[in-house]
Amino acid sequence: MQQLELQEKEEKVDLRKTIAKYLNKWPWFVASVLICILGAYIYLRYSVPKYQTKTTLKFDKKESDLTSALADLSNLGTGLGNSDELKSEAAVVTSRPILMQVVKNLHLNVEYFNTGEIKDSQLFTELPISGRILNFKKDFVSSEYYIRKINGDEFTLTSEAHGKFTGKFDVPLKLDFGTVILTRNRQLVLKPDYKVIFWNPIEKVKKLEKTIQVTLPDEKALLMDITLIGTVPDKSERILNEVTRQYNLDGQKDKNLQAENTQKFIDKRLEVITRDLSGVENQKEDFQNRNRIVDLQAQAELALQNTSENTKSLLQQQAQLDLLNSLTAEAAKGNNQLMPSNLGLNPSLEQSIAQYNQMLISRNKTLKQATSENPAVIEMNREIASLKDIIRDNIREQKDAVKATISQIQNQITTSNSLIEKVPGQSKVYRGIERQQNLKEQLFLFLLQKREENAINLSVDVPKAKIVNPAFTDDIPVSPKGNIILMGAFFLGLLLPFAVFYIVFIVDDKIYNRDDIKARSGLGVLVDIPSLNEDENHLVQKNDFSELAESFRVLVSNLKFVLPKKDSAKVIMVTSSVKGEGKTLVSVNLALTIANKNGRALLIGSDIRNPQIQRYDSEPVKRKGLTEYLYDESVDVEDLIHTSYTNPYCDVVYAGTIPPNPQELLSNGRYQKLIAQMASQYAYIIIDSAPLMLVSDTLSIADVADATLYVVRSGVSRNVLIDFAEDLVKESKLRNVSFVVNDVSKKARGYGYGYNYGYGYGYNNKETEKSWWNKIFKS
C-alpha cells in the first residue's frame, strides 16, 4: 500500500477547545472566587475606613494700572496678581512652618487609641486621658505606651521596648525619649488597654505634607481646594480649619511686614526726593538769575519782534542815507539848478530846499526882465548861494544823524540776534531742569499717596483668602471601597486559577486526545481507548459491552478502511515510542476483538527485550516463544502457538526467553519467514513490537506490516513523540501508520457523555460509585 503523503499542520487556535479546557476546571474557579470574596469581606469587616475632608479657599484679584517697578508699590493690599501666584500659594499652604504651628496648636504629636482584638479605634475629641510632650531628645521619632493601672492619681505606662513607668496625673513624667505630662478627664470612662503614641512634631509635619493635597480647580477663578484623607473625620476637619486659619494669619503677618517695610521705604524715598526736588528748584533759580530769564519763551518772542522792527528801520535809514548822498551830489554841482524836494527828509532841510528853489525861480524870472548886474539879481544870487551852503550843511548834519541811527539799529539787531541764538540751548537746559522738577514732583506726590494707602492697609485686618467652604467630610469613605474591592476580589478569584492553569497549559506538552494529534500531524487517529480503573477488567470479554470493548470494536471497524485487500493474512503491527504507553494492552485486546469464527487471529509477542503479553495470561507458566523460533531453526512454529482462554479464535505466540542479542535475532530473516508461513493460516496477524524510541528492533521487522498502529497514552505521551513518529514515516521506516490514543479520560475526550452514552448504553455505572468530590476535582 502506498505511503500517505504527510503535510505539516498549520497551527490554528481553536477558541472553543481552549475555552473548554478552562471550563473543565470550573470547580477551581468557583472555589477561588469564593475564597477571594470571603477574604475581601473579612478585609472590609475589619479595615479602618478613610474619609476625605475638603475645604475651599477663594482669592481676590489685584488690579494695577502701573507698570515697571512702581507696580509693586501699587499691590500693597490683599489679593493675587495672576494664576501663577496662585500656584505658588499652593506650596505655601503646606509649608512646614504653617504645618508645624497646626501640629502644636492641635497637639497632633500625641495620638490616643482604644485597642481591640483586631483593630484599634483612634480617639480625638472625647479623651479620658490626654497628654503633652514638654521636651524630647533630638533623635526621637515615636514611642508607644499602654496605660495599664490607674489608682487615684497614679498610673502606670508600659512599653514593650522600654518597660514600665509610674507617674501621676498633671505631674511631669520623664520617659525614655523626654518628659511628658498626662491629664485625666474624670467625666469620661477609661477603657482598658488605652494606648498613647508620642511623636516627634516634625514627623507629624512630614506626614501632613504627604496627606494634605492642594488642587486648583479653576485657576482663572482663583479657587483652591485643600483635601485630607483620614480615619477620624473630626480630626481631619479640625486640621484643615487650622491650616486655613494659620495660612491667613501667616498672610496677615506677611502683609503687615510688607506694609511696614514699605512705610520705611517710602519715608526714605521721600527724604531723598525732597532733597532732590529742592536741588532742582535751586538749579532752576540760579539758571534764571544767570541768564536774566523771567519767561524764556516770551523773551525769545520779544527779541524776534525787535529784530524784525529794527530791520525795517534800518532799511528806512539806509534809504534816507542814499537820498542824502544823492542830494549831496546835487548840492555839489555849481550850476543853478532846482534841487529835488518832498523826499521825506528832515523838515528843516526840506524847508531850505523849498526856499532855495523858490529863490532860484524868482531870480530866473528877474533875469528875463533885467541883467545879471541888476542889484536885485545880485542880491538874489547872494541869497541863493547862502541858501545852498545852508542846504549843504543840513545835508551833512542829516547824513551824520542817519549814520548814527543806522549804527544804533545795527547794534540792536546784533543784540537781538545774539539773544535769539542763545534761546535753543537755554530752552534745552531749561526744559531739562523743568523735566527733572516735574518728575520729582510727581514721584513726591505718588509717594505721599502710597504712604497714606499703606497706612490704611496696615490698619485694615483683611484675610488673605476667603473660606468659601469650611472643612467638611464626605459620608462615603474613599478607602476601602466595598463595591470595588468585592468586584476586584471576584475578578481576582477568576484570574488566579486562570493564570495558574494558563501556565500549566503552556508548560504542559502532553497529548490528551485525538485533537492534540491532529493539531500536529497529518496521520489519522483510529480510536480513543478509554481510561480504566485498577479494579476494572483490562481484557475484552465475550459479549462485553463495556467502554473498553466498544472502543476496540470501533478500532476494528476503522482498520477495515486502512488495511489493504489481500487473500493472505493482514499484518497489523502495534508499537509506541516508549514503554508504558499501552501498546501491549492494545495488541492483546485488538487480537481478542478482531478474532472471530470467520477469521482467526494470531498475536505475536515481538518485544523480546521486555515481553508483556504474559501479564494477561491466566497461566503463569513459562513457555517457549518467538525467541526460541528465531534462534533455533529446529523449533516448529506449531509448538509455539497457544490458544487464548478468553477467545478461542485467537492464538498467541509469546516472546519467549529474553535473549542477549535481540537485534540480531530479529534481523536474521526468520521473522519474515514466520509471518509468511502464518499468513496462510490466519485472517489477521497482530504484532506486539518493541518501543521505537528505545531500541531499533521494531524497524527490523516493520517491512512485514500492512498497517502500523502507533499507540500514545493520554496524559503521558508528549508532543515530541508525534514529531518522532512523523519523521519515521517521512523516512519510510514505517508505513500505513495510524495513531491509537490510549487511557483517555472522559474530560480529555471533550464530550460530557463519553462512552457511557455513545457506546456503553448505560451498562457501566462505575462513575456513580465515586464520591462527589472526586467527580468535581478529577482532572
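Quantities reported herein were computed from a predicted structural model and do not represent experimental measurements.

A.B. asks: What's the story with helix H6 (residues 201-211) in this structure? I'm lost.
C.D. replies: Within the span of H6, buried status applies to Pro-201, Lys-204, Val-205 and Leu-208. End-on, the buried residues of H6 take up no more than an arc of 105°, which puts them together on one face.

A.B. asks: Before we go on, may I ask you to explain the pattern of salt bridges in this structure?
C.D. replies: Pairing between side chains of opposite charge can happen when their charged atoms approach one another. By the definition in use, this model includes 19 salt bridges. In this structure, Lys-566 and Asp-706 form a salt bridge, with 3.0 Å as the shortest nitrogen-oxygen distance. One end of the pair, Lys-566, is in the loop between helix H13 (547-559) and strand S15 (570-576); the other, Asp-706, is in the loop between helix H18 (697-701) and strand S20 (707-713), and 140 residues separate them in sequence. Across the pair Lys-583 and Asp-688 runs a salt bridge whose closest N-O atoms are separated by 3.3 Å. You can see Lys-583 sitting in helix H14 (residues 583-594) and its partner Asp-688 sitting in strand S19 (residues 684-688), a full 105 residues away along the chain. Residue class for Lys-583 comes out buried when judged on its relative accessible area of 6%. For Asp-688, a relative accessible area of 1% puts it in the buried group.

A.B. asks: I'm lost on the environment of Ile-391 in this one. Help?
C.D. replies: Take Ile-391: it is sitting in helix H10 (residues 375-459). Look at Ile-391 and you get buried, because its relative accessible area is 0%. Separated by 63 residues in the primary sequence, Ile-391 and Thr-328 place their C-alpha atoms 9.0 Å from one another.

A.B. asks: What should I look at first to understand the sheet that holds strand S6 (residues 154-159) in this one?
C.D. replies: Neighbouring strands of a sheet are bound in pairs by backbone hydrogen bonds; such pairs are parallel or else antiparallel. The 6 strands lie next to each other as S3-S2-S10-S5-S6-S7, forming an open sheet whose pairing is antiparallel. Sheet topology places strand S3 (121-123) and strand S7 (163-168) at the edges, where each strand pairs with a single neighbour. Looking at each pair of strands side by side, their axes are set apart by 30° on average, direction ignored. Summarising the sheet, S6 and S7 pair through 6 bridges and their orientation is antiparallel. By the bridge assignment for S7, Ser-159 is matched with Gly-163.

A.B. asks: Mind showing me how you'd approach unusual backbone geometry here?
C.D. replies: Trans peptide bonds make up the majority, and among non-glycine residues the majority have a negative phi. Residue Pro-480 is reached from Ser-479 by a cis peptide bond, and omega for that bond is -5°. Tracing the chain through its elements places Pro-480 in the loop between strand S13 (466-473) and helix H11 (482-507). With a phi close to 55°, His-107 is a non-glycine residue in the positive phi region. For His-107, a relative accessible area of 39% puts it in the partly exposed group. Phi angles above zero are rare outside glycine, and Asp-170 is one such case at about 65°. Position of Asp-170 relative to the elements: it lies in the loop between S7 and strand S8 (173-174). Residue Asp-170 is classed as partly exposed on the basis of its relative accessible area of 49%.

A.B. asks: Looking at this structure, how should I read the pairing of strand S10 (residues 194-199)?
C.D. replies: In regular strands, side chains alternate between the two faces of the sheet. For S10, the buried fraction is high: 5 of the 6 residues fall into the buried class. Note: strand S2 (residues 110-114) against S10, 5 bridges, orientation antiparallel. When the sheet's bridge partners are listed, Asn-114 is paired in S10 with Tyr-194. Bridge count between strand S5 (residues 142-151) and S10: 6 bridges; the pairing is antiparallel. From the neighbouring strand, Ser-142 faces S10, where its bridge partner is Trp-199.

A.B. asks: How should I be thinking about the environment of Met-693 in this particular structure?
C.D. replies: Structurally, Met-693 is set in the loop between S19 and H18. Given the relative accessible area of 38%, Met-693 is considered partly exposed. Each C-alpha atom of the pair Met-693 and Ser-577 lies 4.9 Å from the other, and the pair is 116 residues apart in sequence. Beyond its immediate sequence surroundings of up to four residues, Met-693 is in contact with Ser-577, Val-578, Leu-721 and Phe-724.

A.B. asks: Explain the nonpolar core here, please?
C.D. replies: Across soluble globular proteins, nonpolar side chains have a tendency to be buried as a group. Ile-604, Tyr-671, Ile-685, Ile-687 and Phe-739 are the most contacted members of the largest nonpolar core, which totals 45 residues. Once residues lying within four places of it in the same chain are set aside, the contact partners of Ile-604 are Ile-613, Leu-626, Val-653, Tyr-671, Leu-674, Ile-675, Ile-685, Ile-686, Ile-687 and Asp-688. Ranked by size, the runner-up nonpolar core spans 36 residues in total, among them Leu-548, Ala-549, Val-588 and Ile-594.

A.B. asks: Explanation requested: the packing of aromatic side chains in the structure shown.
C.D. replies: The description of two aromatic rings rests on the distance between their centres and on the angle between their planes. Taken as a whole and judged by the stated rule, the model has 13 aromatic pairs. Their ring planes at 75° and their centres at 5.5 Å tell us that Phe-490 and Phe-491 sit as a pair that is edge-to-face. Residue Phe-491 is classed as partly exposed on the basis of its relative accessible area, which comes to 49%. Three or more aromatic residues joined by ring pairs form one cluster here, namely Phe-136, Phe-140, Tyr-145, Phe-165, Phe-177 and Phe-198.

Cut-off values and rules
- Residues numbered from 1 in each chain as written.
- Predicted model: local features only at pLDDT ≥ 70, side-chain atom pairs only at ≥ 80, totals over all residues.
- Heavy atoms only, no water.
- Buried < 20%, exposed > 50% of the residue type's maximum accessible area, 1.4 Å probe, protein only.
- Helix = DSSP H or I, 4+ residues; strand = E, 2+ residues; numbered from the N terminus.
- Arc of directions from axis to C-beta.
- Salt bridge = Lys/Arg side-chain N within 4 Å of Asp/Glu carboxyl O.
- Pairing = 2+ DSSP bridges.
- Axes fitted to C-alpha atoms, helices over the stretch in contact; angles between N-to-C directions.
- Contact = heavy atoms within 4.5 Å.
- Core = buried A, V, L, I, M, F, W, Y, C linked by side-chain atoms within 4.5 Å.
- Phe/Tyr/Trp six-rings, centres within 6.5 Å; stacked < 30°, edge-to-face > 60°.

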